[in-house]
Amino acid sequence: MKTHILMPEPSMTRQILRPALAALPALLLVACATAGKAPAPTAATSIQVDVPLIERPGGESAAWWFRNGAAQAAERGAMSGRAKNLILVVGDGMSLPTVAAARVLEGQREGRSGEEQKLAWEAFPATALSRTYNTNAQTPDSAGTMSAMATGVKTRLGVLSIGQQAPRGNCAAARDARVMSLWELAAASGMATGVVTTTRVTHATPGATFSHSADRNWENDSNLPAQARADGCIDIARQIIESDHGTGPDVLMGGGRKSFFGTDVRDPEYDGKVGERLDGRDLVAEWKDRHPTGSYVWNKAQLDAAPADAPLLGLFEPDHMHYEHDRRKDGAGEPSLAEMARAAITRLSRNPNGYVLLIEGGRIDHAHHGGNAFRALTDTIALSDAVRAAVDITNPDDTLILVTADHAHTMTFVGYPVRGNPILGKVKGGSGEDGNPAQYARDATGLPYTTLSYANGPGYVGANDQQPEGPKRARSDSSGWRQATHGRPDLTDVDTEHPDYLQESTLPLRSETHGGDDVGLWARGPGSAAVRGSVEQNTIFHFLLQANPRLRQVLCNAGYCNAQGVPVDLPDHGKFEAPQPR
């Protein structure tokens, strides 16, 4: 490459200088490449990508979804992004009513009426709506939705980062249908990668970053069916640690340490618990072998003492981490999501090539499934704190932060409560527009009701085997439901703001369901201007990919871009692997 292209003479006009400098990141990468030399656009340029017209859903395929997502992102100008670092923040189950209610709760905790409050991402300049359905489900699950965001390809409910052609539970088909994730591409391209979650690190959302599974529940080898073993499938925990892309995650934090140790290893925190692996492997030791300078920690004190310039594996619970409300009761000490996010960014940012990071508030979803709005909202606020931490220690000129949810839930925000009414309380105002703000609103039978409720779930007022008819409190399980014989209970003297109160549900279910409605998408940083309108969820991958010149060029060099430099063809997963000894 001739130096005068990169270093113009002072006499060159400003019109020539600007595009030359804007193309510098891509040009530096091209200097080491022999293919895929399409220049990156300079301004917020809309690029049109041809997408085949197909009969839907029958004509959909992994390759079609990839190209369709690329087209949606490029048309909105995502190729103009110059982000060195990419952060995807996922509030699992964080529906739009959840965001609104959490905003109010945070404001009320600070002594205000609450409605005017903004969660961290609500100050971001770019917003959009994301359509969450899976290829075989109108209302999705976290595995299929995170797979869409991680790979750029929509897929089935219950599977991780494989194409829709592989049925759930079919190991042989899944092995032939793997789709590369953004984290794998980044790791194979010399970038740092990280995964931070409050769930087990092998759970659906974090699992989609570095594993490919025909079933989201195959978290360790004790979960693998005999046929899957015979067909050569390995569990999610092993896939994460043994990733053939770079050295796998440089930072991995969350719960789930039971999947990393054998049944002969006693848990360091709970004397009565042991690991679940039947193969006896110590996956923590294997991770340390791949990251010789790295630290393994299992409590906050160890996290605080770990070197800030080295890889980090933190497994803070055998199972999921605690809800934010309960975290301070943990005897060993658990870090907050904000503390984990800050620790991850501090370490990953030392890589001069940039990083890709997932931050998941995973237990918002679990609280909703349990019909417990209090913990869903407080975990949403904790996620907002984590986003604030990320904003504080990153540069908006080189870091794209994208916040979204994987799917919605059935929690509703209803009635006509007066301004400042406690969001977890009973409605004061009315059931119409002319209510008395000093009095509880009443249903048609004369009984008060709460602002928040669920369409289904364990908050149903009928009796079950664990609790009598009437208001319900949080428990680990419920069964043996019966129809309510006395109608709705009188909530006048019930503390509906108590952390364990379960909001009423219209129909009984052991676990409340997801919702099929769209979820929000908020962005700031290079490439964020493309985040607008209504997009398919797999487009999120392409917003991130197209905003990063390094990853774009890697795919162009491998022949997956069109003439305009847009990665449009589904990459061959195997081309980016460097097989590790097993």
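Before reading on, note that the structure itself is shown above.
Residues numbered from 1 in each chain as written. Predicted model: local features only at pLDDT ≥ 70, side-chain atom pairs only at ≥ 80, totals over all residues. Heavy atoms only, no water.

Undergrad: Please provide a residue-by-residue account of the overall build of the protein, values included.
TA: Helix and strand counts for the protein stand at 19 helices and 19 strands. For 582 residues, the compact-globule estimate of 2.2 N^0.38 gives 25 Å, and the protein sits close to it at 25 Å. Overall size of the protein, expressed as C-alpha extent along the three principal axes, is 80 × 60 × 55 Å. Within the protein, buried positions represent 58% of all 582 residues. Residue pairs at least 24 apart in sequence account for 70% of intrachain contacts in the protein once pairs closer than 6 positions are excluded. Across the protein, the 57 positively charged side chains and the 67 negatively charged ones have centroids separated by 4 Å. (Helix = DSSP H or I, 4+ residues; strand = E, 2+ residues; numbered from the N terminus. Rg over C-alpha atoms; globule rule 2.2 N^0.38 Å. Buried < 20%, exposed > 50% of the residue type's maximum accessible area, 1.4 Å probe, protein only. Contact = heavy atoms within 4.5 Å. Lys, Arg positive; Asp, Glu negative; His and termini not counted. Charge placed at Lys NZ, Arg CZ, Asp CG, Glu CD.)

Undergrad: Residues and numbers for the state of the cysteines, please.
TA: A covalent bond between the sulfur atoms of two cysteines is referred to as a disulfide. According to the stated counting rule, one finds two disulfides in the structure shown. In this model, C171 is linked to C233 through a disulfide, with the two sulfur atoms separated by 1.9 Å. Every disulfide takes its handedness from the sign of the S-S torsion; for C171 and C233 that torsion is 110 degrees, giving right-handed. Placement of C171 in helix α7 (residues 171-175) and of C233 in the loop between α10 (226-230) and α11 (236-241) is noted, with a sequence separation of 62 residues between them. One exposure class covers both C171 and C233, and it is buried. Covalent S-S linkage joins C556 and C561, the inter-sulfur distance amounting to 2.1 Å. Taking the torsion about the sulfur-sulfur bond, which here is approximately -95 degrees, the covalent link between C556 and C561 counts as left-handed. Accessibility classification places C556 together with C561 in one group, the buried group. Counting only the cysteines that form disulfides, in the order they appear in the protein, gives the pairing 1-2, 3-4. (Disulfide = S-S within 2.5 Å.)

Undergrad: I'd like a description of the pairing of strand β4 (residues 251-255), backed by residues and values.
TA: Burial of β4 is extensive: five of the five residues sit out of reach of the surface. Pairing of strand β3 (residues 192-200) with β4 involves four bridges; the strand directions are parallel. When the bridges of β4 are listed, V195 appears paired with L252. Pairing of β4 with strand β6 (residues 312-315) involves four bridges; the strand directions are parallel. Within the sheet, the bridge partner assigned to L252 lies in β6 and is L313. (Pairing = 2+ DSSP bridges.)

Undergrad: Let's hear about the packing of aromatic side chains: which residues, and what values?
TA: Summed over all chains, the structure comprises seven aromatic pairs. Taking 5.1 Å as the distance between ring centres and 75 degrees as the angle between the ring planes, the aromatic pair formed by W64 and W65 counts as edge-to-face. W64 sits in the buried class, given a relative accessible area of 8%. An aromatic cluster is defined as three or more aromatic residues linked by ring pairs; in this entry it consists of W64, W65 and Y133. Lying across the ring of Y323, R363 places its NZ or CZ 4.0 Å from the centre. Across the ring face of Y440, the terminal group of K428 is positioned such that the distance to the ring centre comes to 5.5 Å. (Phe/Tyr/Trp six-rings, centres within 6.5 Å; stacked < 30°, edge-to-face > 60°. Lys NZ or Arg CZ within 6 Å of the ring centre and 35° of its normal.)

Undergrad: Can you break down the nonpolar core residue by residue, with the values?
TA: Among the nonpolar cores identified, the biggest contains 62 residues, and L88 and W183 are the most heavily contacted of them. In terms of residue count, helix α18 (residues 539-547) provides more of this core than any other element does, six residues in total. Beyond its immediate chain neighbours, meaning those up to four positions away, L88 contacts M146, M149, W183, L357, L358, I359, L402, T404, I540 and L544. (Core = buried A, V, L, I, M, F, W, Y, C linked by side-chain atoms within 4.5 Å.)

Undergrad: Residues and numbers for the packing of helix α15 (residues 337-348) against helix α17 (residues 373-392), please.
TA: Between α15 and α17, the least distance of the axes is 8 Å, while the angle of their chain directions is 25 degrees. Relative to α17, the element α15 lies roughly parallel. In terms of crossing hand, the pair formed by α15 and α17 is right-handed. Here α15 contributes L337, A338, A341, R342 and I345 to the contact with α17, which in turn contributes L383, D385, A386, A389, A390 and D392. Looking at the contact of α15 with α17, its residues break down into eight nonpolar, no polar and three charged. (Axes fitted to C-alpha atoms, helices over the stretch in contact; angles between N-to-C directions. Parallel < 35°, antiparallel > 145°, perpendicular 65-115°, else oblique. Left-handed = near helix turned anticlockwise from the far one by under 90°. Nonpolar A, V, L, I, M, F, W, Y, C, P; charged D, E, K, R; others polar.)

Undergrad: Go over the packing of α18 against helix α19 (residues 549-557) with me, naming the residues and quoting the values.
TA: For the pair α18 and α19, interaxial distance at closest approach is 5 Å and the crossing angle is 95 degrees. Classified by the angle their axes make, α18 and α19 are roughly perpendicular. Within the contact between the two elements, α18 uses L545, Q546 and A547 and α19 uses P549, L551, R552 and L555. Classifying every residue of the contact of α18 with α19 gives five nonpolar, one polar and one charged.

Undergrad: Can you explain the sheet that holds strand β1 (residues 85-91)? Please cite residues and give values.
TA: Here 10 strands make up an open sheet; going across it, the order is β5-β6-β4-β3-β7-β1-β8-β18-β2-β19 and the pairing mixed. The strands lining the two open edges of the sheet, one partner per strand, are β5 (295-297) and β19 (534-536). Strand after strand, the sheet turns through a mean of 15 degrees between neighbouring axes, direction not considered. Against the sheet, helix α12 (residues 283-290) touches β5 and β6, its axis set at about 165 degrees to β6.

Undergrad: I'd like a rundown of the sheet that holds strand β13 (residues 452-457), residues and numbers included.
TA: Taken in spatial order, the three strands line up as β10-β13-β16 in an open sheet, and their pairing is mixed. The sheet terminates laterally at β10 (411-413) and β16 (505-508), the two strands that pair on one side only. When the angles between neighbouring strand axes are averaged without regard to direction, this sheet yields 20 degrees. Here β10 pairs with β13 via three bridges, running antiparallel. Each residue of the ladder has a partner; that of F413, found in β13, is L452. Here helix α5 (residues 96-109) sits on the sheet and contacts β10 and β13; the angle it forms with β10, its principal contact strand, is near 55 degrees.

Undergrad: Describe the pairing of β6, listing the residues and the values that go with them.
TA: Both faces of β6 are covered, namely the face carrying L312 and G314 and the face carrying L313 and L315. The sheet contact formed by β5 and β6 spans three bridges and is parallel. Residue pairing for β6: V297 is matched across the bridge by G314. In this fold, β5 hands off to helix α13 (residues 300-305), which returns the chain to β6; that crossover is right-handed. (Right-handed = clockwise from strand over helix to strand, strands pointing away.)

Undergrad: Which residues make up the side chain of S95, and what are the values?
TA: Along the chain, S95 turns up in the loop between β1 and α5. The class for S95 is buried, based on a relative accessible area of 0%. Those residues in contact with S95 that lie beyond four places of it in its chain are H407, A408 and H409.

Undergrad: Describe the pattern of salt bridges, listing the residues and the values that go with them.
TA: Within this structure, the stated rule accounts for 38 salt bridges. With a shortest N-O distance of 2.8 Å, R277 and D279 are connected by a salt bridge. We classify R277 as buried; its relative accessible area is 0%. Judged by its relative accessible area of 33%, D279 falls in the partly exposed class. Each member of the salt-bridge network shares a partner with another, and the members are E110, R112, E115, E116 and R419. (Salt bridge = Lys/Arg side-chain N within 4 Å of Asp/Glu carboxyl O.)

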